Protein chains: 2
Amino acid sequence: MKEGKIEPRTLSGFMELMPGAQIQFDRIIETMRYIYGLYGYYPLDTPILESSEVLLAKAGGETEKQVYRFNKGNTDLTMRFDLTVPLAKYVAQNYSGLSFPFKRYQIGKVYRGEKAQKGRFREFYQSDIDIIGDGELNVINDAEIPSVIYNVFTHLGLRDFTIRINNRRVLSGFFNMLDLEDQAVSIMRVVDKIEKVSREELIRELEALGVATDKCQKIIEFIGIKGTNDEIIAQLKKLSTNEGGMFDEGLEQLELVIKYIEAFNVPRENYKIDLSIARGLDYYTGTVYETTFNKHPEIGSICSGGRYDNLAEFYTEKKLPGVGISIGLTRLFYILNEMEYLNASGSAPADVLIIPMTEDLSHAVGISARLRDAGVKCQIYFEKKKFKNKIGYADKLAIPFVFFLGEDEIAKNQVSFKNLQTGEQVLSPLSDAIATVRACLSKAGLETVISTEKTNR
Amino acid sequence: MKEGKIEPRTLSGFMELMPGAQIQFDRIIETMRYIYGLYGYYPLDTPILESSEVLLAKAGGETEKQVYRFNKGNTDLTMRFDLTVPLAKYVAQNYSGLSFPFKRYQIGKVYRGEKAQKGRFREFYQSDIDIIGDGELNVINDAEIPSVIYNVFTHLGLRDFTIRINNRRVLSGFFNMLDLEDQAVSIMRVVDKIEKVSREELIRELEALGVATDKCQKIIEFIGIKGTNDEIIAQLKKLSTNEGGMFDEGLEQLELVIKYIEAFNVPRENYKIDLSIARGLDYYTGTVYETTFNKHPEIGSICSGGRYDNLAEFYTEKKLPGVGISIGLTRLFYILNEMEYLNASGSAPADVLIIPMTEDLSHAVGISARLRDAGVKCQIYFEKKKFKNKIGYADKLAIPFVFFLGEDEIAKNQVSFKNLQTGEQVLSPLSDAIATVRACLSKAGLETVISTEKTNR
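Here is what the cut-offs are and how they apply
- Residues numbered from 1 in each chain as written.
- Chains lettered and ligands numbered in written order.
- Predicted model: local features only at pLDDT ≥ 70, side-chain atom pairs only at ≥ 80, totals over all residues.
- Heavy atoms only, no water.
- Helix = DSSP H or I, 4+ residues; strand = E, 2+ residues; numbered from the N terminus.
- Buried < 20%, exposed > 50% of the residue type's maximum accessible area, 1.4 Å probe, protein only.
- Contact = heavy atoms within 4.5 Å.
- Buried area = accessible area lost by both parts, 1.4 Å probe.
- Salt bridge = Lys/Arg side-chain N within 4 Å of Asp/Glu carboxyl O.
- Polar contact = N/O pair within 3.5 Å; in protein donor to acceptor, adjacent residues only side chain to side chain.
- Pairing = 2+ DSSP bridges.
- Arc of directions from axis to C-beta.
- Least-squares fit on C-alpha atoms with pLDDT ≥ 70 in both.

Q: So what about the environment of Met 15 of chain B? Which residues, and what values?
A: Residue and element names in this part refer to chain B. Mapped onto the fold, Met 15 is located in the segment before helix H1 (19–38). Exposure remark for Met 15: the relative accessible area of 17% places this residue in the buried category. For the pair formed by Met 15 and Lys 215, sequence separation is 200 residues and the distance between their alpha carbons is 46 Å. Apart from residues no more than four positions distant in its own chain, Met 15 is found in contact with Phe 121, Thr 330, Phe 333 and Tyr 334.

Laid out in structure tokens, this is it:
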């Protein structure tokens, strides 16, 4: 570092992308916004700072330790650590002004002062959707959520993923049948780790909760039930006592959700019942979701959520049941990048670079206006540099086309039009050059952010 | 408040919009992103939290007092208070990986703990564009900035605005000619208030700086030079000593910038030279901009910026000149809303509400998928409510079309298609209904966020 200068640096655990990568990141956000919009979800944007009393109303333990909390004057402030608590606050606060079911998405940064490590971030984007009911909410909404997620991922270019679905009532009901009501929540936390620990470890942990060995076996058999969705439901029906208890309720919901996911045209290979999905949080009361890359189960869930009975119980007496899901966007981007799943194309800030070869630049400026009117992104290289610097600039930015404008071109109202990918250069009327660029771009526009070929290799 | 509940509230000075208004706000951001993109600017997204040492490298006085600064563990952190300092950090930090000129936009929240008052926010969006050169940057870039701003505002639906342009070298050069070099920066701060204070007050303030009465008169005459851009430039040329000093340099730049703004096709009524624009900050060294609503000068500038010599002098020895402008987006939105300039249309989250009239909802779900495939935003009303609640939901959300699906419609593969604006209802094949909706939407899509009629009344 030079003397007297401050070293420019970014905090550890804070993702700051290079410009080309930022374009890819933004394209992912745009795709999400587009799909959420097609399903009629409202966008929301709540403050990043809230009163600590409001934000930490129900927090405790780990959350309290991780949050960025401080005083400004006499005000005790906390930076939001998720998008669910702000949603709860918003709905309780604006209850009378909202219409229910209230469907919203929010894509925003949240803050957790976790131990910084590779692939873990302290500032990260979450991309959440939720549907909130007033008093009640039809279980069919639980089938819409996987349909939205399916569309988000496929529009991004992902194919090889599975949305895994379970119902906490099925699990709780089953534990009840084993007379394990009191341990149900703790058992679910253990069950939730099934992908991460060995069968022996799982049994040890269950036994530590006071579960008898034969019941451990039954639990492990139960959560291991395999087959098609129809086969799993048939198996579960055999376990039913038909007394309409919690297990039967959960089973009925699960069956309905599976039926309607199909009505939403989600292909069967992209969703399946997985009885081992429990989600650690007590918060969830019905349907639960996780989403995994088929070839990379080690990554764990990239998109999780579920049904809850009471969104805002800390703020209001109103019963506000809901269902939602959250994508950890910053982590997802980090993973996609590490796996080299992202398409390199589409990281250019412009489609065309205009390189003027004359002293007066008015003509070049006029042509840039024509290009923009035609919806073509373009830059003009205004600087007085050597030719190789100008063309090198286009190369470095991966700008696909260059228009050269010399005296000749201006006199004839033409452009020397170079395709940097093929190296081909032709002299052509401006309108032809614009048409060619537009045709190439509309083809390129069909490319997804994530390379489908790569994810399927 | 109910006992045991925490009152859900949002901090004072933090804007949190209702869902319909949020859609309008997001449309403004989308328009900005679209236009910035057409000019080939990279998007950037820097962290909201930075090390205090980095963020406050050049801060002092008011800034230091206003910032949200705190410790987490041993780290001294500050929330960003503008988007310029993070840009300076970014460019210095990533210098070797960037290509210059580096054009970037950033639309993001910044934080200033100012005294909360109507129309003033502590968390607010800035929307910034900057072009950074490596060592030098052609002055023609200074003409591109007003062109971008003109396109942003007109695409939003604003017409009645003026981008006011000046050059600090013209001002400084003039003060030098009056032998007022030493007071130049202080005089500019005073001159900058011309719109807000009386002529007498201005003279008093100049005299307080030790400026003699006859020089005060000359300054006031100078900054009051009126006329077309050509006329003002002609007047300025008369003042030139033709010795190539600072005044002449500034005048040459100003003339070039005005010439190229015209080449960018910005209509003459939307920009003009205003010699009273000084911008308070010492930071600016050449071209300066302010933008005002013609009929509401009392609002002051809604978009300001200028040319600077050294973006990142606190972080690097590299000379990084640049030019940029910033829109205070949250304040702008607040003003547009207060003035009722925003189009009420376009605040609906969906184009179509599907209301199923049967027990089984599979058919409705299938039709929603068809609509979305056609790019139509739609919701299905899944809840078991009375008919008037269902139609009331569409009304409240301002959803323009409703599809009713009863047994009859399903059997005939038709929909009862209601236009809620006209009240008209027809039974029609699904494909016809979709075509009608798309035709109406493409017409509605031409409506700008801001009502042009209203701003011109």
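What follows picks up the thread again.
Q: Help me get a handle on unusual backbone geometry, residues and values and all.
A: All names here are of chain A. Here the residue pair Phe 100 and Pro 101 is connected by a cis peptide bond, since its omega of -5° sits within 30 degrees of zero. Take Pro 101: it is sitting in the loop between helix H4 (84–93) and strand E5 (102–111). Residue Asn 413 is not a glycine yet carries a positive backbone phi of 55°. Examined against the element boundaries, Asn 413 turns out to sit in the loop between helix H15 (407–412) and strand E15 (414–419). For Asn 413, a relative accessible area of 45% puts it in the partly exposed group.

Q: Can you tell me about the interface of chain B and chain A, naming the residues and giving the values?
A: With 108 residues of chain B in contact, the opposing surface of chain A contributes 108 residues. Together chain B and chain A conceal approximately 8,900 Å² of surface at their shared face, both sides included; 57% is due to carbon and sulfur atoms. Linking chain B with chain A are 12 salt bridges. Between Lys 109 of chain B and Asp 45 of chain A there is a salt bridge, with its nearest N and O atoms 3.0 Å apart. Counting every contact that joins chain B to chain A gives 50 residue pairs in polar contact (both at pLDDT 80 or more). Per-element tally for the side of chain B that touches chain A: the top contributor is H1 of chain B, with 10 residues.

Q: Can you explain the pairing of strand E12 (residues 352–356) of chain B? Please cite residues and give values.
A: Residues and elements named next belong to chain B. The buried count for E12 comes to 5 of 5 residues, which makes it a mostly enclosed element. Of the two faces of E12, the one holding Val 352, Ile 354 and Pro 356 and the one holding Leu 353 and Ile 355 are both buried throughout. As defined by bridge partners, E12 adjoins strand E13 (residues 378–380) across 3 bridges and the pair is classed as parallel. Of the residues in E13, the one forming a bridge with Ile 354 is Ile 380. As paired elements, E12 and strand E14 (residues 401–405) share 5 bridges and run parallel to each other. Note on E14: the bridge partner recorded for Ile 355 is Phe 404.

Q: Give a description of helix H9 (residues 213–223) of chain A that names residues and reports values.
A: Structural remark: α-helix, 3.6 residues per turn; residues separated by three or four positions point the same way. All names here are of chain A. All of the buried residues in H9 are Cys 216, Ile 219, Ile 220, Phe 222 and Ile 223. Each buried residue of H9 lies within a common arc of 160° when the element is viewed along its axis, so the set occupies one face. On its buried face, H9 is in contact with helix H6 (168–177), helix H7 (184–191), helix H8 (199–208), helix H10 (229–239) and helix H11 (246–263).

Q: Help me get a handle on the relation of the copies chain B and chain A, residues and values and all.
A: Overlay of chain B on chain A (RMSD 0.1 Å): rotation 180°, translation along the axis 0.0 Å. Each copy turns onto its partner about a two-fold axis. If distances are taken from each C-alpha of chain B to the rotation axis, the shortest is found for Phe 70 of chain B, at 3.1 Å. A high fraction, 100%, of the interface residues of chain B reappear at the interface in chain A, so the copies pair face to face through one surface.

Q: Please set out the side chain of Asn 141 of chain B residue by residue, giving values where relevant.
A: Following the sequence through the fold, Asn 141 of chain B ends up in helix H5 (residues 141–156). Each residue touching Asn 141 of chain B, except ones within four places of it in the same chain, is listed here: Phe 382 and Glu 383 of chain A together with Ile 131 and Val 323 of chain B.

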